[in-house]
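# Inside the fold
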Amino acid sequence: LKNIIIFLKKVKENRIDEEHLQKHLKSFENNPHKREKELEIVVSCCDQYTDRIKSKLLANIYTCFITGKIDWENFRACVEILEDIKVTDIPTLCEIYEKGEYVKGDNYYPLSLKRLNGVGVVQYFDEMVVVRSKENKRDIKAAISPSGNAFVEIAMNDIVITDEDF
């Protein structure tokens, strides 16, 4: 119940404009199957989360869905990514998003990158040497993937991570 309240507060903070909200509510009325499926996903996800941060991220993903920034398939894809990400890996994901990549000599946690690679939000090259161009030779160890970029831009919008979130 606590995570559902956190989810609802974050959705309210996101301030969905009246036009998008009414359009979504009308689609709820006209399509009971859609309403049940959406609510089932939100409630079951919030119910299984043990950390507050995931409820906040889900609220951002849902807000993007309601406002039409993402469609149903992208909503589901983001929810699946959120389900698979370990909360302890979220700071690493945010950092690599900001930097774009980790190169040899950067301080990073390989196990976190391996897990994020498994989810598909990071490309982790482990012991391989990756050079993007002859002019700019750098030993790239990991890079944010296109899916990772999209996920962070959708889910992490206006999220400030605090110790209370974990």
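The structure under discussion appears in the preceding block.
Residues numbered from 1 in each chain as written. Predicted model: local features only at pLDDT ≥ 70, side-chain atom pairs only at ≥ 80, totals over all residues. Heavy atoms only, no water.

This next bit is on the overall build of the protein chain. Along the backbone of the protein chain there are eight helices and three strands. In sequence order, the protein chain lays out its α and β elements as α-α-α-α-α-α-β-α-β-β-α. Counting across all 166 residues of the protein chain, residues that qualify as buried make up 41%. In the protein chain, the share of contacts with a sequence separation of at least 24, taken over all contacts with a separation of at least 6, comes to 66%. Accessible surface, the protein chain: about 9900 Å² in total, of which carbon and sulfur atoms supply 49%. (Helix = DSSP H or I, 4+ residues; strand = E, 2+ residues; numbered from the N terminus. Buried < 20%, exposed > 50% of the residue type's maximum accessible area, 1.4 Å probe, protein only. Contact = heavy atoms within 4.5 Å. Areas by Shrake-Rupley, 256 points an atom, 1.4 Å probe, with all protein chains shown as cover.)

On to the packing of helix H6 (residues 90-99) against helix H7 (residues 110-119). Their axes nearest at 10 Å, the elements H6 and H7 cross at an angle of 80 degrees. Taken together, the axes of H6 and H7 are roughly perpendicular relative to one another. Along the contact surface, H6 presents Thr92, Leu93 and Ile96, while H7 presents Ser112, Leu113 and Leu116. (Axes fitted to C-alpha atoms, helices over the stretch in contact; angles between N-to-C directions. Parallel < 35°, antiparallel > 145°, perpendicular 65-115°, else oblique.)

Okay, the nonpolar core next. Judged by nonpolar contacts, the single largest core of 43 residues is most densely connected at Leu58, Ile61, Leu93 and Phe151. Beyond its immediate chain neighbours, meaning those up to four positions away, phenylalanine 151 contacts Ile61, Cys78, Ile81, Leu82, Ile85, Leu93 and Met156. (Core = buried A, V, L, I, M, F, W, Y, C linked by side-chain atoms within 4.5 Å.)

On to the sheet that holds strand E2 (residues 122-124). Read across the sheet, three strands follow the order E1-E3-E2 without closing on themselves; strand pairing throughout is antiparallel. Each end of this open sheet is capped by a strand with a single partner; those strands are strand E1 (101-103) and E2. Strand-to-strand twist of the sheet, defined as the mean angle between neighbouring strand axes without regard to direction, takes the value 10 degrees. Bridging between E2 and strand E3 (residues 140-144) involves three bridges; their strand directions are antiparallel. Bridging from a neighbouring strand, valine 122 pairs with isoleucine 144 of E3. Its contacts with the sheet place H7 against E1, E2 and E3, and it is angled at close to 120 degrees to E2. (Pairing = 2+ DSSP bridges.)

Next up on the list: the packing of helix H4 (residues 52-66) against helix H5 (residues 72-84). As a packed pair, H4 and H5 sit with axes 10 Å apart at the nearest point and diverge in direction by 170 degrees. Classed by the angle they form, the pair H4 and H5 counts as roughly antiparallel. Only Trp72, Phe75, Cys78, Val79, Leu82 and Glu83 of H5 make contact with H4, whose side of the interface consists of Lys54, Leu57, Leu58, Ile61, Tyr62 and Phe65. A class-by-class count of the residues in the contact of H4 with H5 yields ten nonpolar, no polar and two charged. (Nonpolar A, V, L, I, M, F, W, Y, C, P; charged D, E, K, R; others polar.)

Scanning the model with the defined rule gives six salt bridges in all. Linking glutamate 13 and lysine 10 is a salt bridge whose minimum nitrogen-to-oxygen distance equals 3.9 Å. Placement of both glutamate 13 and lysine 10 in helix H1 (residues 2-13) is noted, with a separation of three residues, approximately one turn of the helix. Using a relative accessible area of 7% as the deciding quantity, one classes lysine 10 as buried. In this structure, glutamate 38 engages lysine 34 in a salt bridge whose closest nitrogen and oxygen atoms are separated by 3.1 Å. With glutamate 38 and lysine 34 both in helix H3 (residues 32-48), this residue pair falls four residues apart, about one helical turn. (Salt bridge = Lys/Arg side-chain N within 4 Å of Asp/Glu carboxyl O.)

Our focus in this paragraph is H3. In this model, H3 (17 residues) spans 24 Å end to end at C-alpha, consistent with the 24 Å of a helix rising 1.5 Å per residue. Of all the positions in H3, only Glu38, Ile41, Val42, Cys45 and Cys46 are classed as buried. Looking straight down H3, one finds that the buried residues subtend no more than 115 degrees of arc, so they occupy a single side. Facing away from the buried side of H3 by over 90 degrees, the exposed positions are His33, Glu36 and Asp47. Next to the buried residues of H3 lie H1, helix H2 (18-30), H4 and H5. (Expected span 1.5 Å × (residues − 1). Arc of directions from axis to C-beta.)

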